[in-house]
Amino acid sequence: FGIGIGEEGEIKFLPQILENYVPCLEGLPEFVMNLGTDVNWNEEEECFDGVCRVLSDFYAWKGEGEGERGRGGEGEEGKEEEEERRKWRVEHLLWPKMRVMKVQKECGNDGSIVQMGNLEDMYKVFE
């Protein structure tokens, strides 16, 4: 995990946050600008927080009109294509990672993450 910057200031590599997902590179100039303007490089904790926020903005899936212009076509057909791409991303990229995600105990205890069901328990109901 890291951001590689070469001798002449060029970006060598970016972290791969989700396997098989590449963010829209149209947002790369804004990402670099935000690293310079939105990150407090003098305070360690604020620096990590700022870098994480800028990375999350860059890697966020952009909808129609936000970095993916022209990819979905026009009108109703373009909206359907965009919706299909969104569903595919959630099903094949995000959901598999969430299934194996380790959650800190504090998140489960403070109500920020709630378990709604358990496949093993659901099978017991039908036995």
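Residues numbered from 1 in each chain as written. Predicted model: local features only at pLDDT ≥ 70, side-chain atom pairs only at ≥ 80, totals over all residues. Heavy atoms only, no water.

1. Notes on the nonpolar core
Leu18, Tyr21, Phe31, Leu35, Val39, Cys47, Val51, Val54, Leu55, Phe58, Tyr59 and Leu93 form the largest nonpolar core, which has twelve residues in total. Looking at this core, the elements that each hand over two or more residues are helix H1 (28-37) and helix H2 (44-59). Each residue touching Leu93, except ones within four places of it in the same chain, is listed here: Leu18, Glu19, Asn20, Tyr21, Trp61 and Trp88. (Core = buried A, V, L, I, M, F, W, Y, C linked by side-chain atoms within 4.5 Å. Buried < 20%, exposed > 50% of the residue type's maximum accessible area, 1.4 Å probe, protein only. Helix = DSSP H or I, 4+ residues; strand = E, 2+ residues; numbered from the N terminus. Contact = heavy atoms within 4.5 Å.)

2. So, the environment of Cys52
Relative to the assigned elements, Cys52 resides in helix H2. In this structure the C-alpha to C-alpha distance between Cys52 and Leu35, which are 17 residues apart in sequence, comes to 9.9 Å.

3. Structural notes on the side chain of Asn34
Checked against the element boundaries, Asn34 lands in helix H1. Since its relative accessible area comes to 12%, Asn34 is described here as buried. Once residues within four sequence positions are removed from consideration, Asn34 is found in contact with Val39 and Val54.

4. Re the packing of aromatic side chains
All chains considered together, the criterion is met by two aromatic pairs. Measuring from centroid to centroid gives 5.4 Å for Phe58 and Tyr59, while their planes differ by 85 degrees, and the two rings are edge-to-face. Here the aromatic cluster, defined as three or more aromatic residues joined through ring pairs, consists of Phe31, Phe58 and Tyr59. (Phe/Tyr/Trp six-rings, centres within 6.5 Å; stacked < 30°, edge-to-face > 60°.)

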